[in-house]
Amino acid sequence: MPAFALEPEQHKWCEELRTLGARELRPLAEAGEEGRINRELVAALGELGLLGRLFAPDGRPASALDLCLLRESLAYSCTEAETALALQGLGAGPVALAGTDAQRARWLGEVTSGRAVAAFALSEPGAGSDAAALGLQAEPDGTGAGHGWRLTGEKTWISNAPHADVFTVFARTTQGAGSRGVSAFLVPAGRPGLGGEPLEMLSPHPIGTLTFDGVPVSRDDLLGEADGGFGVAMRTLNLFRPSVGAFATGMAQAALDAAVEHAGERRAFGGTLSDLQAVSHQLAETATRIEAARLMVYAAAAAHDRGEPDIARRAAMAKLLATETAQQAVDTAVQIHGAAALQRGHLLEHLYREVRAPRIYEGASEVQRSIIAKELYR
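The structure reproduced in this document is the subject of the present report. Not measured: the values here are computed from a predicted model.

Evaluation of the coordinates by the stated rule reveals two aromatic pairs. Above the face of the Tyr 76 ring, Arg 18 is positioned so that its terminal group lies 3.9 Å from the ring centre. Positioned above the aromatic ring of Trp 107, the side-chain terminus of Arg 106 is 4.0 Å from the ring centre.

Bringing unusual backbone geometry into the picture now. The residue after Ala 161, namely Pro 162, is reached through a cis peptide bond having omega 5 degrees. By the element assignment, Pro 162 lies in the loop between β3 (148-159) and β4 (166-172). One non-glycine residue, Asp 227, adopts positive backbone phi at about 70 degrees. You can see Asp 227 is positioned in the loop between β8 (222-223) and α6 (229-265). Overall, Asp 227 belongs to the partly exposed group, its relative accessible area being 29%. Despite not being glycine, Phe 269 shows a phi value in the positive range, around 55 degrees. The residue Phe 269 is located in the loop between β9 (267-268) and β10 (271-272) in this model.

Applying the stated rule across the entire model yields zero disulfides. The thiol sulfur of Cys 14 is not disulfide-bonded, and the nearest other cysteine sulfur, from Cys 68, lies at 10 Å. Between Cys 78, a free cysteine, and Cys 14, which holds the nearest cysteine sulfur, the sulfur-to-sulfur gap is 16 Å. With relative accessibility at 1%, the residue Cys 78 sits in the buried group.

This paragraph deals with the environment of Gly 264. With respect to the secondary-structure elements, Gly 264 resides in helix α6. For Gly 264, a relative accessible area of 41% translates into the label partly exposed. Distance from Gly 264 to Gln 137, taken between C-alpha atoms, is 58 Å for residues 127 residues apart in sequence. When residues no more than four places from it in sequence are discounted, the contact partners of Gly 264 are Thr 272 and Ser 274.

For the pair helix α8 (residues 311-337) and helix α9 (residues 347-354), the least separation of the axes is 10 Å and the interaxial angle reads 150 degrees. Between α8 and α9, the crossing angle belongs to the class labelled roughly antiparallel. Helix-helix and strand crossings are classified by hand; for α8 and α9 the assignment is left-handed. Residues Val 330, Asp 331, Ala 333, Val 334 and His 337 of α8 pack against Leu 348, Leu 351 and Tyr 352 of α9. Looking at the contact of α8 with α9 residue by residue, the class counts come to six nonpolar, one polar and one charged.

Our focus in this paragraph is the pairing of strand β5 (residues 182-188). Burial analysis of β5 places seven of its seven residues in the buried class, which makes it a mostly covered element. Residues Val 182, Ala 184, Leu 186 and Pro 188 point to one face of β5 and Ser 183, Phe 185 and Val 187 to the other, with burial holding for every one of them. With two bridges joining them, β5 and β8 adopt antiparallel strand pairing. Opposite Phe 185, over in β8, you have Leu 222 as the bridge partner.

The next subject is α6. Taking 1.5 Å of rise per residue, the 37 residues of α6 would be expected to cover 54 Å, and the 54 Å separating its terminal C-alpha atoms lies within 8% of that figure. Phe 240 marks where α6 bends most, by close to 30 degrees; the proline Pro 242 follows one to four residues later. The buried fraction of α6 is high, at 29 of 37 residues.

In this structure, Leu 25, Leu 45, Leu 50, Leu 85, Leu 151, Phe 170 and Phe 185 are the most contacted members of the largest nonpolar core, which totals 106 residues. Tallying contributions element by element places α6 first for this core, with 16 residues. Not counting chain neighbours up to four residues away, the residues in contact with Leu 50 comprise Leu 17, Leu 20, Leu 25, Leu 45, Leu 70, Leu 74 and Leu 85.

Moving on, we get to the packing of helix α2 (residues 39-47) against helix α4 (residues 79-98). Where α2 contacts α4, the two axes come as close as 10 Å, and the packing angle between them is 75 degrees. In terms of orientation, α2 and α4 fall into the roughly perpendicular class. Across from Leu 41, Val 42 and Leu 45 in α2, the residues of α4 making contact are Glu 80, Ala 81, Ala 84, Leu 85 and Gln 88. The residue makeup of the contact of α2 with α4, split by class, is six nonpolar, one polar and one charged.

Tracing the chain through its elements places Gln 327 in helix α8. For Gln 327, the residues in contact, after removing those within four places along its chain, are Val 355, Arg 356 and Arg 359.

Each value, and the rule that gives it
Each chain has its residues counted from 1, running along the sequence as written. Note on the predicted model: pLDDT of at least 70 is required for a residue's local features to be given, and 80 or more for side-chain atom pairs to be given and counted; whole-chain, interface and lining totals, by contrast, use all residues. Excluding hydrogens and water, the side-chain values take into account all heavy atoms of the structure. To pair, rings of Phe, Tyr and Trp, with the six-membered ring standing in for Trp, must have centres within 6.5 Å; the planes then decide the type, stacked if under 30 degrees apart, edge-to-face if over 60, and tilted in the middle. Working rule: Lys NZ or Arg CZ, within 6 Å of ring centre, within 35 degrees of ring normal, means a charge sits over the ring. Numbering of helices and strands starts at the N terminus; helices are DSSP runs of H or I of at least 4 residues and strands are runs of E of at least 2. For every residue, the accessible area obtained with a 1.4 Å probe (protein chains only) is divided by the maximum for its type, and the residue is called buried under 20%, exposed over 50%, and partly exposed between those limits. Disulfides are defined as cysteine sulfur pairs within 2.5 Å. By definition, residues are in contact when any of their heavy atoms lie within 4.5 Å. Helix axes use the C-alpha atoms of the stretch in contact, all axes being lines fitted to C-alpha atoms, and the angles between their N-to-C directions lie in the range 0 to 180 degrees. Comment on the angle field: the value is read as roughly parallel under 35 degrees, roughly antiparallel over 145, roughly perpendicular from 65 to 115, and oblique elsewhere. Working rule for handedness: look at the near helix, and if it is turned counterclockwise from the far one by less than a right angle, call the crossing left-handed; if clockwise, right-handed. Classification used: nonpolar for Ala, Val, Leu, Ile, Met, Phe, Trp, Tyr, Cys and Pro, charged for Asp, Glu, Lys and Arg, polar for all others including Gly. Strands pair, by our definition, only if DSSP identifies at least two bridges between them. The span you would expect from a helix comes to 1.5 Å times its residue count less one. Throughout, bend refers to the angle between the axes fitted to the seven residues that end at a position and the seven residues that start at it. Each nonpolar core is a collection of buried residues, namely Ala, Val, Leu, Ile, Met, Phe, Trp, Tyr and Cys, held together in the definition by side-chain atoms within 4.5 Å.

Dropping the structure here:
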């Protein structure tokens, strides 16, 4: 099936998700505290079966296209619910992709029920976009094939930190090996030596630091092979990058719809704003860009589901176009609304704060361009 030819059932599901987000999830989001984990919202996502759509019944990651439709639809009506869902998927995604049967049995049910909050801990103060340069040390603890490790160092800009229940942590197990010397570990909250602090960020969802003071991890905590963690991280990001674009597209569509409605109602200069070509052409251009981004997101997700070899390039293109388009769409909608859109609590004020971060996280726009260029030269 071509990626852009959604079935009627898929369109119907998206409409149901938008309604569900507005009716059931937005009140819970509004009752939460910005910068704190909204456990009531996470639990509702579990009870409604939405977190269960992140993973297939056997524990493997579910369809990337379904994930995009889910995130886009929730983003349209409740960005907080979308983000809470996405962070559960990102934090537990490495377990689904590389975990043992025991690790999946221990954590995936807890995450998809909303009983446990997950986090993906990759970025560091000196290793943001250049993830292969991370320096969190995993020093051998003991000798022999069955030895464990002690984690020492810091992570930062970690969503759901420091109060998540389980963290997927990427640490350096081999010095001087770049991306080939990184391992992934599952670290439950409460491990000795694990700490952290919340950060005050331009983001409604929680972001914080994690500190590791000789935190013990064992072979049972290792995700995949030792020194194979960077591949686990990249496979997780390749799955979620198109859906970051879907998140952005949902926000962009919400901003466009608000702007179209406002332009058709706002009286000015003897008519409505929609009568002004300067306004209507901006809206037409924005609508065209959003549709192009949406199609690229769907195409990248469908290619991922088919196992095509050029996933890195297509995922990078989708995230790049969609997040840059969303920034432009929200800014245009704010401009058309005028000062009212900057008032605290206005939909566009909320979207204006939300839309900036996706151009940075899970690979900044500049990183996506580098990935695309590298694939072109390959």
